[in-house]
Amino acid sequence: MAEKSALARFADVATGRGLPLLRRVLAGAQRAADEVTERLLGSDFEERFRVLADRYEQLGGDPFGFNPEAVRAAALASAFFHRAYFRTDVYDVDRVPAGRVILVANHSGQIPIDAAIIGCSLFFDANPPRITRAMVDKWAATLPFVSTFFSRMGQVVGLPENARRLLNMGELLLVFPEGVRGVSKPFEERYQLQEFGRGFMRLALETKTPIVPVAVVGAEEQYLSFGRVSWAARAFGLPVFPLVPQLLLPGGQLPLPTKYRLFFGEPLYFEGDPDDAAGVADKVFLVREAVAHILRRGLAQRRSIFL
Amino acid sequence: MTQPPPTPFVADDGAVVITGICGRLGRRLARKLHRQSRVIGIDRRSFPDRPADVEHHELDLRSARVRDIFRDGVRALVHLGVVHDPRGDSAEHHASNVAGLQKLLEYVEYFGIPKVVLLSSANVYGPRPDNPQFLSEDAPLLGAGPFSRIRDLVELDMCAQSFFLRLPAVKTVILRPTHILGTVRNAPSNYLRLSVVPTLLGFDPMLQAVHQDDVVRAIMLALAPTARGIYNIAGPPPVPLSRVIELLERQTVGVPHTVARLGVERLFRWRVTSFPAPELDFIRYVCMIDDSRARRDLGYAPTHGLVATLCAVDEERWLG
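Note that the structure is a prediction, hence the values are computed from the model and not measured.

Parameters and conventions
- Each chain carries its own residue numbering, running from 1 in the direction its sequence is written.
- Numbering of ligands from 1 and lettering of chains from A proceed in the order in which they are written.
- pLDDT decides what is reported in this predicted model: residues at 70 or higher carry local features, side-chain atom pairs at 80 or more are listed and counted, and totals for whole chains, interfaces and linings draw on all residues regardless.
- Where side-chain values are given, they derive from all heavy atoms of the structure, hydrogens and water being excluded.
- Numbering of helices and strands starts at the N terminus; helices are DSSP runs of H or I of at least 4 residues and strands are runs of E of at least 2.
- Three exposure classes are used, based on accessible area relative to the maximum for each residue type with a 1.4 Å probe and protein chains only: buried under 20%, partly exposed in between, and exposed over 50%.
- In this description, contact between two residues means that some pair of their heavy atoms is separated by no more than 4.5 Å.
- Residue-level accessible areas treat just the shown protein chains as cover; the underlying method is Shrake-Rupley with a 1.4 Å probe.
- Lys and Arg are tallied as positive, Asp and Glu as negative. Neither His nor the chain termini are counted.
- Lysine's charge is taken at NZ, arginine's at CZ, aspartate's at CG and glutamate's at CD.
- Throughout, the radius of gyration refers to the C-alpha atoms, and the reference size of a globule is 2.2 Å times the residue count to the power 0.38.
- Multiplying one less than the number of residues by 1.5 Å gives the expected span of a helix.
- The reported bend at a residue is simply the angle between two axes, fitted to the 7 residues ending at it and to the 7 residues beginning with it.
- Distance and chemistry together define a polar contact, namely a pair of N or O atoms within 3.5 Å, with one atom able to donate a hydrogen and the other to accept it when in protein, and with adjacent residues in sequence counting only for side-chain atoms on both sides.
- Paired strands are those between which DSSP finds at least two bridges.
- Axis angles are defined between N-to-C directions and span 0 to 180 degrees, where every axis is a line fitted to C-alpha atoms and, for a helix, only to the segment in contact.
- Only residues whose relative accessible area exceeds 30% and that take part in no salt bridge are eligible for patches, with like-charged residues grouped when within 9 Å of each other and nonpolar side chains (Val, Leu, Ile, Met, Phe, Trp, Tyr) grouped when within 5 Å.
- Between Lys or Arg on one side and Asp or Glu on the other, a salt bridge is scored when a side-chain nitrogen of the former is within 4 Å of a carboxyl oxygen of the latter.
- For this analysis, a ring pair means two rings from Phe, Tyr or Trp (six-membered ring only for Trp) whose centres lie within 6.5 Å, classed as stacked if their planes differ by under 30 degrees, edge-to-face if by over 60, and tilted for the remaining angles.
- Buried area adds together the accessible area that both of two parts lose upon being put together, with accessible area traced by a 1.4 Å probe.
- Note on residue classes: Ala, Val, Leu, Ile, Met, Phe, Trp, Tyr, Cys and Pro are nonpolar, Asp, Glu, Lys and Arg are charged, and everything else, Gly too, is polar.

Student: I'm lost on the overall build of chain A in this one. Help?
Tutor: Across its full length, chain A carries 10 helices and seven strands. With the C-alpha coordinates aligned to their principal axes, the bounding extent of chain A is approximately 95 × 50 × 40 Å. The buried share among the 307 residues of chain A stands at 46%. When contacts within chain A are restricted to residue pairs at least 6 apart in sequence, those whose partners lie at least 24 apart make up 79%. Approximately 15,900 Å² of chain A is accessible, and the part contributed by carbon and sulfur atoms is 60%. Positive and negative side-chain charges in chain A, numbering 37 and 34 respectively, have mean positions lying 5 Å apart.

Right under this line is the structure:
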């Protein structure tokens, strides 16, 4: 009997005091989580999301597999990196014209976080919000989960046919003409633009698309690479194998919390024959100079890598 | 979807020869066509419930008697008689497929028959990680690389292409439809008829499908006297595989690719399944086509929406 009453007393205490306390704690945690969510996503997230969802509903779905609901699911994590972790400063994003456009940016940072952050800035900071369609390496299409994730987030395999179709749909295309050469640069070559590929210029001339040069400052220092190991890349079947010692440290797998700065340049309009190799090369040089110029100005303006 | 399909112009002088008429697609085509035109069927199988005015010959395509069928009053050949059987003897199939088509094209040339329609398939392009999202008719036919079974189909397509180029007077049409869904017994329909649909873990490619009756309509449009060329035939806009399975209300299970490949290889060898392991790439990578040329030149447009196209695999399910 005594046991039972002890048990009953415990039950009383549990339901009388424990549960309300637990509820209060949970409600408090919920409120705090809501607050963090709102601060990260911004108060107008739902509106921004609706703008996008409506656009693709009108188009009758995206043929490349982009799903606005997936953006909603990934929004919190990307907003955390965009607003809290890298504390991105975005300059002149309103220079990006409406309709089809090609963004040309410098590529760096060993893994393409710069693409994700440019995507975030065009979703969270641009008006109206836009989805960035980046061209990913076809190697990524052979990876489980990664391929599906990229496709749902609006990324497409980097082929001229795909780019042409996207531009004809009036999409915003993000291109890194440096490609793998740029993203896997070792630390001592930071902020040195590599050679530009020319495919983007042929496409721009063919489809009469404006080009917006973009400079990303801050991505170069997120992973310190000391070089590339070509035999390891061959052995593992990777496009490139950078030597990044920080990966071996506990917590070093995360990029360093450098401050990201994105600078958008004035849109450039080109005209000419896409098959004229010399003319295309000249125009690519102009775009490269434009990116280099904004990059130099951004670097000069920066006081600290982390602040 | 609501507008009535344009009725193709079919003159009623002369017969249409349909090879492989006893397949499910062939029977559907015969039922549609025999009201407008005389229909002659050639197939090794019998055609028990055929319409009374359809003439049927139970013959192998390589048989010498096939020649007599073309002797007079034939205005078109529709070649559906491509044998696909992953179990059969591959050399024998190859011979019968390629030699069969060669013979038929010989008769067409000799007797001056003005029209040939070959039903090829979008599988000839092959699923590849570096495919453009939508392949045009000019894309290379790379499907045969990993799939020996598609080699026959690629070769037939090539045969018809060289015939098309060599004899401009014959209005040759090669149709490359994407996955045909319906009561037909092909790999994609059989796959979607499974009660638990296995998928590859982490892969969810965009897929296209076309309703069997839309393919029949495309064949009828291709029979128009002026139509000539190679045409991709697609159905409603593409959706991810996961959405297909969701719309069909099937259960699904994700299997890692290496496990699935080894498993299907074993099961195929033990004759438990008839899906060859390399064909797993069709649920791994994209193989989608751009059918704008058919829409422009043939006036083709699918009349079945996505749900109707998908649910067609369940028709006649319990009738055997």
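Student: What exactly am I supposed to notice about the overall build of chain B here?
Tutor: Helix and strand counts for chain B come out as 10 helices and 13 strands. In summary, chain B has a C-alpha radius of gyration of 19 Å against a globular reference of 20 Å for 320 residues, a match within 12%. For chain B, the C-alpha atoms occupy an extent of roughly 55 × 45 × 40 Å along the three principal directions. The proportion of buried residues among the 320 residues of chain B is 54%. Counting only contacts in chain B whose residues sit at least 6 apart along the sequence, the fraction spanning at least 24 positions is 76%. Total accessible area on chain B is roughly 14,100 Å²; 54% of this is exposed by carbon and sulfur atoms.

Student: Would you explain helix α3 (residues 68-85) of chain A in this entry?
Tutor: In an α-helix, one full turn covers 3.6 residues, which means residues spaced three or four apart are oriented alike. All names here are of chain A. Between its first and last C-alpha atoms α3 spans 24 Å; for 18 residues at 1.5 Å apiece the expected length is 26 Å, and the two agree. Ala-75 marks the point of greatest bend in α3, at about 50°. Among the residues making up α3, those that are buried are Pro-68, Ala-70, Val-71, Ala-74, Ala-75, Ala-79, His-82 and Tyr-85. N-capping of α3 is provided by Asn-67, with a side-chain oxygen placed 3.1 Å from the backbone N of Glu-69. At the exit of α3 stands Arg-87, carrying a positive phi of roughly 45°.

Student: Help me out: how do you make sense of the sheet that holds strand β4 (residues 74-79) of chain B in this one?
Tutor: Consider a sheet: its strands pair through backbone hydrogen bonds, and that pairing is either parallel or antiparallel. All names here are of chain B. Read across the open sheet, the seven strands follow the order β3-β2-β1-β4-β5-β6-β11; overall the sheet is parallel. The open sheet has two edge strands with one neighbour each: β3 (54-58) and β11 (229-233). Within this sheet the neighbouring strands show an average axis-to-axis angle of 20°, counted without direction. Examined bridge by bridge, strand β6 (residues 171-177) and β11 share five bridges and lie parallel to one another. Looking across to β11, one finds that Leu-175 is bridged to Tyr-231. Sheet strands in contact with helix α1 (residues 24-33) are β1 (15-19), β2 (38-43), β4 and β5 (115-119), and its direction is about 170° off that of β1. Against the sheet, helix α3 (residues 90-111) contacts β1, β4 and β5, and its axis sits at roughly 165° relative to β4.

Student: Would you mind showing me how to read a negative patch on the surface here?
Tutor: Residue and element names in this part refer to chain A. A contiguous patch of negative charge on the surface is contributed by Asp-273, Asp-275, Asp-276 and Asp-282. Residue position: Asp-275 is located in the loop between β7 (261-264) and α10 (277-301). Overall, the relative accessible area of 67% leaves Asp-275 in the exposed class.

Student: Mind showing me how you'd approach the sheet that holds strand β3 (residues 132-136) of chain A here?
Tutor: All names here are of chain A. Spatial ordering of the open sheet is given by β1-β7-β6-β2-β5-β3-β4, a layout of seven strands whose pairing is mixed. Every interior strand has two partners, whereas the edge strands, β1 (89-91) and β4 (156-157), have only one. In terms of strand pairing, strand β2 (residues 101-105) meets strand β6 (residues 211-217) through four bridges, oriented parallel. Within β6, the position partnered with Leu-103 by the bridge is Val-212.

Student: Help me out: how do you make sense of the packing of aromatic side chains in this one?
Tutor: How two aromatic rings sit relative to each other is set out by the distance from centre to centre and by the angle between their planes. Applying the stated rule across the entire model yields 19 aromatic pairs over all chains. Considering the side-chain rings of Phe86(A) and Tyr260(A), the 4.5 Å spacing of their centres and the 45° angle between planes classify their relative orientation as tilted. Of this pair, Phe86(A) sits in the loop between α3 and β1 while Tyr260(A) sits in the loop between α9 (230-236) and β7; the two residues are 174 residues apart in sequence, bridging distant segments of the chain. Phe86(A) sits in the buried class, given a relative accessible area of 0%. The interplanar angle of 90° and the centroid separation of 5.1 Å between the aromatic rings of Tyr110(B) and Phe111(B) together place this pair among those described as edge-to-face.

Student: Where do I start with the interface of chain B and chain A in this structure?
Tutor: Bring the parts together and some accessible area is lost; that lost area is often taken as the interface size. With 17 residues of chain B at the interface, the matching set in chain A holds 18 residues. Between chain B and chain A the total buried area reaches about 1,400 Å² when both faces are included, carbon and sulfur atoms providing 59% of it. For the pair chain B and chain A, the number of links is two salt bridges. Note that Arg165(A) and Asp290(B) form a salt bridge whose closest N and O atoms lie 2.8 Å from each other. Summed over the shared surface of chain B and chain A, the number is seven residue pairs in polar contact (both at pLDDT 80 or more). When grouped by side-chain class, the residues that make up the side of chain B that touches chain A number 10 nonpolar, three polar and four charged.

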